[in-house]
There are 2 protein chains.
Amino acid sequence: MAVRDAEATKARILAASVAEFAHHGLAGARIDRIASAANANKRMIYVYFGNKDKLFDAVIDAAIGEMFEAVPFTPRDLPEYGAKLFDFLVAHPVEIRIDAWRRLERPVHTALEEEIFVQKVAALDAVRSTTQGALSSADLLVAVLAAAWSWVTVPTSLAVLATEDVALQRQQVVSSIEALCRSQG
Amino acid sequence: MAVRDAEATKARILAASVAEFAHHGLAGARIDRIASAANANKRMIYVYFGNKDKLFDAVIDAAIGEMFEAVPFTPRDLPEYGAKLFDFLVAHPVEIRIDAWRRLERPVHTALEEEIFVQKVAALDAVRSTTQGALSSADLLVAVLAAAWSWVTVPTSLAVLATEDVALQRQQVVSSIEALCRSQG
DNA sequence: ATCGGGTAAGTAACCAGTTAGTTATATCGT
DNA sequence: ACGATATAACTAACTGGTTACTTACCCGAT
C-alpha cells in the first residue's frame, strides 16, 4: 500500500460511511466517527465528497444500485426470482438498513432507479398471456416483492413467534409466490 | 380553555412530538421545534416526559399501540383482516413513519407488544385444522401482514409504475391473501 | 519547486438539558 | 367570605458539550 493513495483513501471513507449511515442514518451519523473509522482526516471527506448530504447520496448509490440489479430477473419463474431476492436480502442487512433510512430521510428516486423496474415490468409483460381481469405486471411485481421482503418487514414482535429457520423462511417465500402465480396468468 | 391546564399542555406537547418525530426521527427531531409547535415552554417537555428518548417512547406508545389493536383480528377471514389492516395503513401515514423510525432507532419490543401477536397467533391456531405440512400460524400471519403492507413497503420506483387506485390496491391485497389461504388449511 | 495528498487546530452554530425565577390557582385558618 | 400561604404551571435566559465545516499549514513524489 502506497503511503499516499487517493483512491484507497476515498474507498476507505466510503466503506466507513456505509457502516456509519447504515447504523445511525443521515441525521444520526457523525462525520468525526466516519473519519476515525476510515483512518482518514475529516478534511478529506469534504475534499472527496463535498458535504454530509452528498456523502449520504454516494453511500446510497454504492449500496442501493446493486440491490435490485444484483438479482437476475426471471419473468418466467417468479418464485425463483423471489427466492434469489430473499437470499440477497439475508446476505445484505446493511443495504436493507440504508434503503430504509433513505426512504425516510431522502424520499427521492432518480430516473435511473425507475429504469430498474421499467425493464422488469416490460420483461414480465412480454412473457405473460394477457388474460382478462388479471393484474397488471407492475401490480403483480408489487405482490412478489412483498412476499420476498416479508421476513424483513415483519414486526419484530411477530418475528419472535415465527420460524427463525432461514431455509424454511425461504421455502415459504417460494410457496407464497407460487400461490400468487397460480391465481394469476 | 383555562390559562393553565397541565393535561392540555401535555397533550399539545405529545401531539407536536408525534408530528416532529414522524417527520425527522429520533436523531433528527428538535426539542425546540416541538416546544414552539406545541406553544409550550421547552422546560415543560422535561417536566412531563423526562428527556428526548423518553419522549420518543411516549410517542411510540401513543402511535404504535393502536396500530395493531385498532384493527380487529378475524382469524376465520384473513382476507378481511388484511383489507381492514390495509385501510388502517392508508389512513395513518404518520403511524407508519413512526413505526419505521422505531425499527431503525429503537430496535426493542416490549413484552406488551409481543402480547399483541401472541393473542393473534393463538386465535388463528384455534380455528385452523392442523393439516400435515402446513405453515405454522405465526408464519401464515407473516405472509398475511406482508400482503397487507405491500403497498407501504413497495419501492417508490416501482410504485410509480403500479396502480395508484387505492380501491384496486385494496382488492389486490385481498386477492393475494385469498390465494395464500387457498394453498393453506 | 510545485502540486496533490494529508493534517492539526480551529470556529461558529447548534442543541439537549438546567437554573432561577414568576404567575396562576387551590387550600385553609379565621 | 377572604386574605395568607402553599403548590402547581409556566417562562426567559443560560450552559456545556457537540458537530458540520474551514483555515492554514506540512510532506512526499515527480
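Residues numbered from 1 in each chain as written. Chains lettered and ligands numbered in written order. Predicted model: local features only at pLDDT ≥ 70, side-chain atom pairs only at ≥ 80, totals over all residues. Heavy atoms only, no water.

Student: Help me get a handle on the protein's contact with DNA strand C, residues and values and all.
Tutor: Taken together, 19 residues surround DNA strand C, and among them Arg-4 of chain A together with Arg-4, Arg-30, Lys-42 and Tyr-46 of chain B come closest. Taking Arg-30 of chain B, its side chain carries an N or O atom lying 2.8 Å from a phosphate oxygen of DNA strand C. Between a base oxygen of DNA strand C and a side-chain N or O atom of Lys-42 of chain B, the distance comes to 2.6 Å. Listed by contribution, the elements that provide at least two residues to the surface near DNA strand C are helix H1 (6–28) and helix H3 (42–49) of chain A together with helix H3 (42–49) of chain B. When residues in the surface near DNA strand C are grouped by element, the largest group, 4 residues, is from H3 of chain A. Broken down by class, the residue content of the surface near DNA strand C amounts to 7 nonpolar, 3 polar and 9 charged. (Near = heavy atom within 4 Å. Polar contact = N/O pair within 3.5 Å; in protein donor to acceptor, adjacent residues only side chain to side chain. Helix = DSSP H or I, 4+ residues; strand = E, 2+ residues; numbered from the N terminus. Nonpolar A, V, L, I, M, F, W, Y, C, P; charged D, E, K, R; others polar.)

Student: I'd like to hear about the domain arrangement of chain A, residue by residue, with values.
Tutor: Interface size is commonly expressed as the accessible surface area that is lost when the partners come together. Residue and element names in this part refer to chain A. Entries for chain A in the domain assignment read domain 1 (1–62) and domain 2 (70–185). Relative placement of domain 1 and domain 2: their C-alpha centres are 31 Å apart. Each side of the interface is counted separately: domain 1 has 13 residues, and domain 2 has 7 residues. Between domain 1 and domain 2, roughly 890 Å² of surface is buried when both sides are summed, and carbon and sulfur atoms account for 63% of that area. (Domains from an automatic or database assignment. Contact = heavy atoms within 4.5 Å. Buried area = accessible area lost by both parts, 1.4 Å probe.)

Student: Give me unusual backbone geometry: which residues, what numbers.
Tutor: Despite not being glycine, Asn-39 of chain A shows a phi value in the positive range, around 50 degrees. Topologically, Asn-39 of chain A is positioned in the loop between helix H2 (31–37) and H3.

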